[in-house]
Amino acid sequence: MNTRATESPGFRQAVESLAPRIRLMLQTAREVVKRPSALAGGILLLLILMASVSFPFLYHTDPLAQDLMARFTPPVWQSGGTWRHLLGTDNLGRDVLSRLLYGSRVSLLVGFTAVFVAELVGIVLGLISGYYGGKIDSFIMRIADIFMAYPFMLLTISVIAVLGPSILNLILVLGISDWVTYARTIRGSVLSLKRKEFVEASRAIGTHNIIIIMRHILPNVISPLLVLGTLRVANIIIWESGLSYLGMGAPPPMPTWGRMLAEGRVYIADAWWLVTLPGLAIMFTILSINLLGDGLRDALDPRLINL
Amino acid sequence: MSNLLEVYKLSKYFPVRSGLFNRKKKYVYAVDEISFSVGNHETLGLVGESGCGKSTASRTILNLLTPTSGEVWFQGKNMFEIHPRERRKLRQGIQIIFQDPFGSLNPRLTVERIVAEPLLTHGIGDRISRKQEVEKTISEVGLLPEHMKRFPHEFSGGQRQRIMLARALILKPRLIIADEPVSALDVSVQAKMLNLMLRLQKQFELSYIFVSHDLGVIRHVSYKVAVMYLGEIVELAPVKSLYATPLHPYTRSLLSSVPIPDPHKKNRKKVILQGDVPSPRNPPPGCRFHTRCPECMDICTQKKPPARQIEDGHIVSCHLHSAGEIWSPPAPDR
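Residues numbered from 1 in each chain as written. Chains lettered and ligands numbered in written order. Predicted model: local features only at pLDDT ≥ 70, side-chain atom pairs only at ≥ 80, totals over all residues.

*Asks:* I would appreciate a short explanation of the overall build of chain B in the present structure.
*Replies:* Looking only at helices and strands, one finds ten helices and 13 strands in chain B. Taken over C-alpha atoms, the radius of gyration comes to 21 Å for chain B, in line with the 20 Å a tight globule of 334 residues would show. Seen along its three principal axes, the alpha-carbon backbone of chain B occupies a region of about 65 × 55 × 50 Å. A separation threshold of at least 6 residues defines the contact pool for chain B, and within that pool the share at least 24 residues apart is 63%. (Helix = DSSP H or I, 4+ residues; strand = E, 2+ residues; numbered from the N terminus. Rg over C-alpha atoms; globule rule 2.2 N^0.38 Å. Contact = placed C-beta atoms within 7 Å.)

Given below as structure tokens:
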């Protein structure tokens, strides 16, 4: 290792100035762990994430491989089920478990990145709107009103119809149509925060507005947004499933939970596992995210940890 | 030699729109043509009821609020006319301390970063020298070096005010505007804070503008006192003269409301004011105090009393004292 860097006073300074921050993060983590429901949600989400990342190494079945001789194989515990297909096969004989695991990648990827895009746009616009106020504020908020007034599904469907279905388009459309929630939330917090005396004190010594926003405003408004973000991930996953169900999601033949639902719907009377299993996957993923988000909200609530 | 700070006919009106389509424009006369000066190493006490414009005045002096009219001269320079870059430099010499020790510190920054922020903003020193400077300054205000790594919620109200004071001191200012710095503190902590401020004043040759509604505190720290009522200064006098012979009926009633910790003196005459302070949106004509004045005369309801100098440096705006010569604030040297 480079020992000279660790010995320089600048490095030590940097480590020392980080220490209180790490202490605060650990404190938050402890608060999350103290809550059983949040812990359960966190563990469940972690399992889902691990499964979706590691399945190609553990479960060697191609989600796209068709086996027309083995159509509608039921799950292994039902009569007629085989160990070759743990959760059975669909109408084209494709392995349901493999498709579920592969579909989790699409759902989680779209869910988290779309929320990231939405947060980025929402935070920037919300900060500007709340801090500067006046005409800029009115302008941004009227645009937000337009977005709110426009039916969300109609917007996404028309954009996807024009741009064509792809993962990237999906992320952008879902992200950009969801920024309003964040912008409004953050604007409200900024409005009350910018009247605080520490903001005024910083202005009094002549600090630049952008530095005030980054140093004094953003760190104090970000935690409710992180919580909101985790909760919105669940919404985005549902929307993605809905769009996939309508054929507007990820392009075929990529398996997604929404498409599995849509395709399995036809066979609901004969092959219950085709709709039930992706439905359960969506439900448990959303449940785990919501539990974690709720726990995070409680843990970050300043009234509870006396911040 | 000119004074450190000269405030000349400073006004701040807040526009209030009303009526159909916001056509009628009215004003809240928060601060109306106040003038005073603060010399080197002096403390000016600014006293008045809540809502009389004390805080607005201190924020307007700092240009945190844009003044409607008037001038502020600091170290012989007009703060509102000089180049912004020069003003920024000059402003290092004026610092402010706020009232609320819980709202004035960012809960997510360590004490070190809070106190170092003025240095950072003005680009003074590097990381190491700034840290040393912070360490030195917080020990001046009676905090320990290990407090630097802590967050504001780990401190009491008095300690927080000390942190604010350290932050104000770190740029080595000439003038500190203290906006009710002790009114949120317990009485015992107040005394410690006041004595600390007085000690620092001696040590660093500071001037203070000390805003308070507490006449006892003002008497303890001030050199001169300005009494404000509804946005105007009604009496301005050296502290001894003001407390010995208050001239304005408002000042008298304020002073008589201060409790005296001596049971034998409990029969002193009290001047108790009737009613509330009129709205600064619609100040009464003539003398602004006439609606509540126990010695109101006919002229008071019609004519605004001019400021008169009764004794040397003792200035009052009241028709009861028509003997003195009419006083107008000396225009700052140009």
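*Asks:* What am I meant to see in the interface of chain A and chain B here?
*Replies:* With 21 residues of chain A at the interface, the matching set in chain B holds 22 residues. Those elements that place two or more of their residues in the side of chain A that touches chain B are helix H2 (9-34), helix H9 (197-204) and helix H10 (209-245) of chain A. The element that contributes the greatest number of residues to the side of chain A that touches chain B is H9 of chain A, accounting for seven residues. For the side of chain A that touches chain B, the class distribution of residues is nine nonpolar, eight polar and four charged. (Nonpolar A, V, L, I, M, F, W, Y, C, P; charged D, E, K, R; others polar.)

*Asks:* Help me out: how do you make sense of the domain arrangement of chain B in this one?
*Replies:* By a widespread convention, an interface's size corresponds to the accessible area lost as its parts come together. Residue and element names in this part refer to chain B. Under the domain assignment used here, chain B contains domain 1 (5-93 + 173-326) and domain 2 (101-172). Each of domain 1 and domain 2 was reduced to a C-alpha centroid, and the two centroids are 30 Å apart. On the side of domain 2, twelve residues touch domain 1, which itself brings twelve residues to the contact. (Domains from an automatic or database assignment.)

*Asks:* How do you make sense of the pairing of strand E9 (residues 224-229) of chain B when you look at a structure like this?
*Replies:* For a regular strand, the rule is simple: side chains alternate between the two faces of the sheet. All names here are of chain B. Of all six residues that make up E9, six are buried, and the element is covered over most of its length. Residues Lys224, Ala226 and Met228 point to one face of E9 and Val225, Val227 and Tyr229 to the other, with burial holding for every one of them. Relative to E9, strand E3 (residues 43-47) runs parallel, the two sharing four bridges. Bridge assignment links Gly45 to a residue of E9, and that residue is Val225. Bridge count between E9 and strand E10 (residues 232-238): six bridges; the pairing is antiparallel. When the sheet's bridge partners are listed, Ala226 is paired in E10 with Leu236. Taking the residues between adjacent antiparallel strands as the criterion, E9 and E10 are bridged by two residues, where Leu230 takes a positive phi near 50 degrees. (Buried ≥ 20, exposed ≤ 12 C-beta atoms within 10 Å, placed from the backbone. Pairing = 2+ DSSP bridges.)

*Asks:* Looking at this structure, I do not really get helix H5 (residues 157-169) of chain B. What am I missing?
*Replies:* The α-helix winds at 3.6 residues per turn, so residues separated by three or four positions along the chain end up facing the same way. Residues and elements named next belong to chain B. Taking 1.5 Å per residue, 13 residues should reach 18 Å; H5 reaches 18 Å between its end C-alpha atoms and fits that length. Of all the 13 residues making up H5, ten are buried; the element is thus mostly covered by neighbouring parts of the structure. Along H5, the residues classified as buried are Arg160, Gln161, Arg162, Ile163, Met164, Leu165, Ala166, Arg167, Ala168 and Leu169. Residues of H5 that are buried in the fold lie against strand E6 (94-97), helix H3 (111-121), helix H4 (127-140), strand E7 (175-179) and helix H6 (187-204). (Expected span 1.5 Å × (residues − 1).)

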